[in-house]
Amino acid sequence: MQQLPVMEHFYTIQGEGAHQGRAAYFIRLGGCDVGCVWCDVKDSWDAQKHPLVEINKLVVAASASPARMVVITGGEPLMHPLDTLTESLHKAGFTTHLETSGAHPLSGSWDWITYSPKKFKSGLPEVAQAAHELKIVIYHLSDFVFAEQHAQQVGKDCQLYLQPEWSNRERMMPAIVDYVKKHPQWRISLQTHKYLDIP
Ligand code: SF4
């Protein structure tokens, strides 16, 4: 049975984006080579630091929760082949959600893809085209231009979100509110789990 480096896995509430407020089982995989300066999970970067866990153990753990939605996040989950994981989760009755920067080729079978490209390593067009939501983290005013560039690359039904970078949220929120009022195709995504202190 395939193993994956797992930083943590836990039952919680999805705090961000289109599925904000829904109970979900989160699996955070180790390994990321994107290098965002403001990353809030830098401990995830080195995959070697995290134990290898068999996929069936992850499915059993998720199945102990009452929710049937699993979010695979990281790190950058697409650094690992995810076909067996998503196949096993689907067989167990879960919907599969992916949070990715899109910097590595797409693997796995997904019911929902959150594509969050970063300036530090380009996202791949195949991930942009498969995305259900585009989430751009706003750290600087220049990120609005970055957001519009990536909105051109996603499909027409892809939902568009702007999310303030957490440490900069008070400084950037007025600009985000103003931007969304002027460009209503965008929505605001907030990291509600951080505001509410939901682990
Ligand atoms: Fe951190 Fe995500 Fe950026 Fe990787 S892609 S450095 S995990 S914010």
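Refer to the structure above for everything that follows.
Bear in mind the structure is a predicted one, so any value in this text is a computation, not a measurement.

Here we take up helix 4 (residues 143-151). All of the buried residues in helix 4 are Asp-143, Phe-144, Phe-146, Ala-147, His-150 and Ala-151. The buried residues of helix 4 occupy an angular sector of 155° when the element is viewed end-on, so they sit on one face. On its buried face, helix 4 sits against strand 6 (112-115), strand 7 (133-138), strand 8 (159-164), helix 5 (169-182) and strand 9 (186-188).

Core analysis: the biggest nonpolar cluster contains 41 residues, and Leu-134, Leu-162 and Trp-186 have the highest contact counts within it. The greatest single-element share of this core, amounting to five residues, is contributed by helix 5. Residues Cys-32, Cys-36, Cys-39 and Ala-103 belong to the second largest nonpolar core, which totals six residues.

A few words on helix 1 (residues 55-63). Owing to its 3.6 residues per turn, the α-helix aligns residues three or four sequence positions apart on the same side. Where helix 1 is concerned, the buried positions are Ile-55, Leu-58, Val-59 and Ala-62. Axial view of helix 1: buried residues confined to an arc of 100°, hence all on one face. Pointing more than 90 degrees away from the buried face of helix 1 are the exposed residues Lys-57 and Val-60. Among the structural elements, strand 1 (3-13), strand 2 (23-29), strand 3 (52-54), strand 4 (69-73) and helix 2 (83-91) are those in contact with the buried residues of helix 1.

Here the focus is the sheet that holds strand 1. Ordered in space as 3-1-2-4-5-6-7-8-9, the nine strands form an open sheet in which the pairing is mixed. Of all the strands in the sheet, the pair left with one neighbour each is strand 3 and strand 9. For this sheet, the mean inter-axis angle between neighbouring strands, taken without regard to orientation, is 30°. Note: strand 1 against strand 2, seven bridges, orientation antiparallel. Its bridge partner lying in strand 2, Thr-12 is registered against Ala-24.

Take the environment of Val-60 next. Locating Val-60 in the fold gives a position in helix 1. The exposed category is assigned to Val-60, whose relative accessible area is 59%. Remark: the alpha-carbon pair of Val-60 and Leu-89, spanning 29 residues in sequence, is separated by 9.5 Å.

Here we come to a nonpolar patch on the surface. A grouping of Val-37, Phe-120 and Tyr-139 is seen on the molecular surface, where their side chains present a nonpolar patch of about 270 Å² in accessible area. Mapped onto the secondary structure, Val-37 falls in the loop between strand 2 and strand 3.

Conventions we followed
Starting afresh in each chain, residues are numbered from 1 along the sequence in its written order. Per-residue local features of the predicted model are confined to residues with pLDDT of at least 70, and side-chain atom pairs are confined, for both listing and counting, to 80 or more; whole-chain, interface and lining totals are unaffected and use all residues. As a rule here, side-chain values cover all heavy atoms of the structure and leave hydrogens and water aside. Each residue is placed in one exposure class: buried if its accessible area under a 1.4 Å probe, protein chains only, is under 20% of its type's maximum, exposed if it is over 50%, and partly exposed if it falls in between. Under the DSSP-based scheme used, a helix requires at least four consecutive residues in state H or I and a strand at least two consecutive residues in state E, with every element numbered from the N terminus. The arc under discussion is defined with respect to the helix axis, by the directions toward the C-beta atoms. Contacts between residues were defined by any pair of non-hydrogen atoms, one from each residue, lying within 4.5 Å. In this description, a nonpolar core means a group of buried Ala, Val, Leu, Ile, Met, Phe, Trp, Tyr and Cys residues linked to one another through side-chain atoms lying within 4.5 Å. A pair of strands is labelled paired if DSSP reports no fewer than 2 bridges between them. For helices, the fitted axis covers only the stretch in contact; all axes are lines through C-alpha atoms, and the angles between them, taken along N-to-C directions, range from 0 to 180 degrees. Two distance rules govern patches: like charges are joined within 9 Å, and nonpolar side chains (Val, Leu, Ile, Met, Phe, Trp, Tyr) within 5 Å, applied only to residues with over 30% relative accessible area and no salt bridge. Here the open area of atoms and residues is found with the Shrake-Rupley method and a 1.4 Å probe, where only the protein chains shown may cover a residue. Here, a salt bridge means any side-chain nitrogen of Lys or Arg that lies within 4 Å of a carboxyl oxygen of Asp or Glu.

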